[in-house]
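# A closer look at the structure
This is what each chain is made of:
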Amino acid sequence: IPDRALIMSGYGINSEMETQEALRRAGMDADIVHINDLIAGETVLDGYRLLVFPGGFSYGDDTGAGNAFANRVRNNLWGDITRFLSGENLVLGICNGCQILANLGLIPAFDTAYQRDIALMPNRRGVLECRYVTLRPVAENLWTRGIERLYCPVSHGEGNFSCSPATLERLKREKMIAFTYCRDDLSPAGGEYPYNPNGSTGDIAAITSADGKVLAMMPHPERAMDFCTLYDWPLQKELLKRSHLPVP
């Protein structure tokens, strides 16, 4: 069976198709499956290698970002998820998916204890941030290997990564911080806005689980696949044309 991804869909999720296209360009086929179909047993996780919780505002984030969706997973699919992770499989959560994974305790999952050790709090400025940011990899692992930088947007109201000092120290010690927000020259953001768009502790933008199988990140790399998705692409296009350079 070829490696294939299952992209979880549901009420309020809005990034399924972009995620599917990003995976396709990376060489992995993916199916978009509604959470209700998994709960009903119409689709099963067997046969998939990657489970993706994409971005959006599941259930309107009315009870907290990603909380209602996480509760549906825990109450109906928890055994399936833990069996999936017991094999040689991976899980990715982007933005709302990152919040869902945090609520489920699938990150950081120290000692495979699925409990809430971190939280995504409201952005420090108290507003939804939708802007491009620069990320740099911290620890080299299967998620970050070969990446020097990422330039992609954030789009969230609750992305302020928060944890206890002890948890932060363990994340650093066990090299579980995958990406941090940084300046254009890849120097640390140092908590400074807008380089760190939400006030995240340690400029953290993404972490893995302790076993490395799960990656949770707040920025949206799937929304930065094309030149025309850059926020200033009309200006960049015109500058290229006036310099007689090809337009991507």
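The coordinates are above.
Residues numbered from 1 in each chain as written. Predicted model: local features only at pLDDT ≥ 70, side-chain atom pairs only at ≥ 80, totals over all residues. Heavy atoms only, no water.

Looking only at helices and strands, one finds seven helices and 11 strands in the chain. The C-alpha radius of gyration computed for the chain amounts to 18 Å, which stays within 12% of the reference 18 Å derived for 248 residues, consistent with globular compactness. With respect to the three principal axes, the spread of C-alpha positions in the chain is 55 × 40 × 35 Å. Residue burial in the chain is summarised as follows: out of 248 residues, 46% are buried. (Helix = DSSP H or I, 4+ residues; strand = E, 2+ residues; numbered from the N terminus. Rg over C-alpha atoms; globule rule 2.2 N^0.38 Å. Buried < 20%, exposed > 50% of the residue type's maximum accessible area, 1.4 Å probe, protein only.)

Okay, helix H3 (residues 67–76) next. Side chains three or four residues apart in an α-helix point the same way, a direct result of the helix having 3.6 residues per turn. Of the positions making up H3, those classed as buried are Asn 67, Phe 69, Ala 70 and Val 73. Viewed end-on, H3 has its buried residues packed into an arc of 160°, placing them on one side of the element. Among the structural elements, strand E1 (4–9), helix H2 (35–39), strand E3 (50–53), helix H4 (78–86) and helix H5 (96–104) are those in contact with the buried residues of H3. (Arc of directions from axis to C-beta. Contact = heavy atoms within 4.5 Å.)

Turning to the pattern of salt bridges, a few remarks are in order. Applying the stated criterion across every chain yields a total of 15 salt bridges. Between Glu 21 and Arg 24 there is a salt bridge whose closest N-O contact spans 2.7 Å. Placement of the pair is Glu 21 and Arg 24 together in helix H1 (residues 16–25), with a separation of three residues, close to one helical turn. By relative accessible area, Glu 21 is classed as partly exposed at 25%. For Arg 24, a relative accessible area of 49% puts it in the partly exposed group. The salt bridge involving Glu 129 is made with Arg 125; its shortest N-O contact spans 3.7 Å. Owing to a relative accessible area of 3%, Glu 129 belongs among the buried residues under this scheme. Several salt bridges share partner residues, and in doing so they unite Glu 21, Arg 24, Arg 25 and Asp 226 into one network. (Salt bridge = Lys/Arg side-chain N within 4 Å of Asp/Glu carboxyl O.)

To continue, consider the sheet that holds strand E11 (residues 214–217). Spatial ordering of the open sheet is given by E2-E1-E3-E4-E11-E10-E9-E6-E7, a layout of nine strands whose pairing is mixed. Every other strand in the sheet has two partners, leaving strand E2 (29–34) and strand E7 (150–156) as the edge strands with one partner each. This sheet shows a mean twist of 25° between the axes of neighbouring strands, independent of strand direction. Along the sheet face, H1 touches E1, E2 and E3 and points at about 170° away from the line of E1. (Pairing = 2+ DSSP bridges. Axes fitted to C-alpha atoms, helices over the stretch in contact; angles between N-to-C directions.)

Here we take up the pairing of E7. Within E7, six of the seven residues are buried, which leaves the element mostly enclosed by the surrounding structure. For strand E6 (residues 129–137) and E7, the ladder comprises seven bridges, and the chain directions are antiparallel. In the sheet register, Thr 134 faces E7, and the bridge partner there is Tyr 151.

A word on the pairing of E2. Pairing of E1 with E2, which is carried by six bridges, proceeds in the parallel orientation. Bridge pairing in E2 places Ala 5 opposite Ala 30. Traced from E1 through H1 to E2, the parallel crossover comes out right-handed. (Right-handed = clockwise from strand over helix to strand, strands pointing away.)

As a further point, take the nonpolar core. Membership of the largest hydrophobic core comes to 64 residues, with the highest contact counts inside it found for Leu 51, Phe 53 and Leu 135. Examining the composition of this core, we find that five residues originate from one element, H5, more than from any other. In contact with Leu 135, not counting residues within four places along its chain, are Arg 149, Leu 150, Cys 152, Phe 179, Thr 180, Tyr 181, Cys 182, Leu 186, Ala 205, Met 217 and Pro 219. (Core = buried A, V, L, I, M, F, W, Y, C linked by side-chain atoms within 4.5 Å.)

Packed helices, taken two at a time, are described by their axes: the angle between them and the distance between them. Relative to each other, H3 and H5 sit at 55°, their axes nearing to 8 Å. Overall, the two elements H3 and H5 adopt an arrangement that is oblique. Between H3 and H5 the crossing geometry is right-handed. Contacts between H3 and H5 involve Asn 67, Phe 69, Ala 70, Val 73 and Arg 74 on the former and, on the latter, Ile 100, Asn 103 and Leu 104. Looking at the contact of H3 with H5, its residues break down into five nonpolar, two polar and one charged. (Parallel < 35°, antiparallel > 145°, perpendicular 65-115°, else oblique. Left-handed = near helix turned anticlockwise from the far one by under 90°. Nonpolar A, V, L, I, M, F, W, Y, C, P; charged D, E, K, R; others polar.)

In this fold, Gln 236 is placed in helix H7 (residues 233–242). Each C-alpha atom, one on Gln 236 and one on Val 247, is 8.8 Å from the other, the two residues being 11 residues apart in sequence.

Quick look at the packing of aromatic side chains now. Pairs of aromatic rings are described using the distance from one ring centre to the other and the angle between the two planes. Within this structure, the stated rule accounts for six aromatic pairs. Look at Tyr 11 and Tyr 59: their rings are 5.9 Å apart centre to centre, the planes differ by 65°, and that puts the pair in the edge-to-face class. Taken as a pair, Tyr 11 in the loop between E1 and H1 and Tyr 59 in the loop between E3 and H3 lie far apart in primary sequence, 48 residues in all. Residue Tyr 59 is classed as partly exposed on the basis of its relative accessible area, which comes to 25%. Centroid distance Phe 53 to Phe 69: 6.3 Å. Interplanar angle 90°. Geometry classified as edge-to-face. You can see Phe 53 sitting in strand E3 and its partner Phe 69 sitting in helix H3, a full 16 residues away along the chain. According to the relative accessible area criterion, Phe 53 is buried, its value standing at 1%. Classification of Phe 69 as buried rests on a relative accessible area of 0%. The positively charged end of Arg 74 is found above the aromatic ring belonging to Trp 78, 4.3 Å away from the centroid. (Phe/Tyr/Trp six-rings, centres within 6.5 Å; stacked < 30°, edge-to-face > 60°. Lys NZ or Arg CZ within 6 Å of the ring centre and 35° of its normal.)

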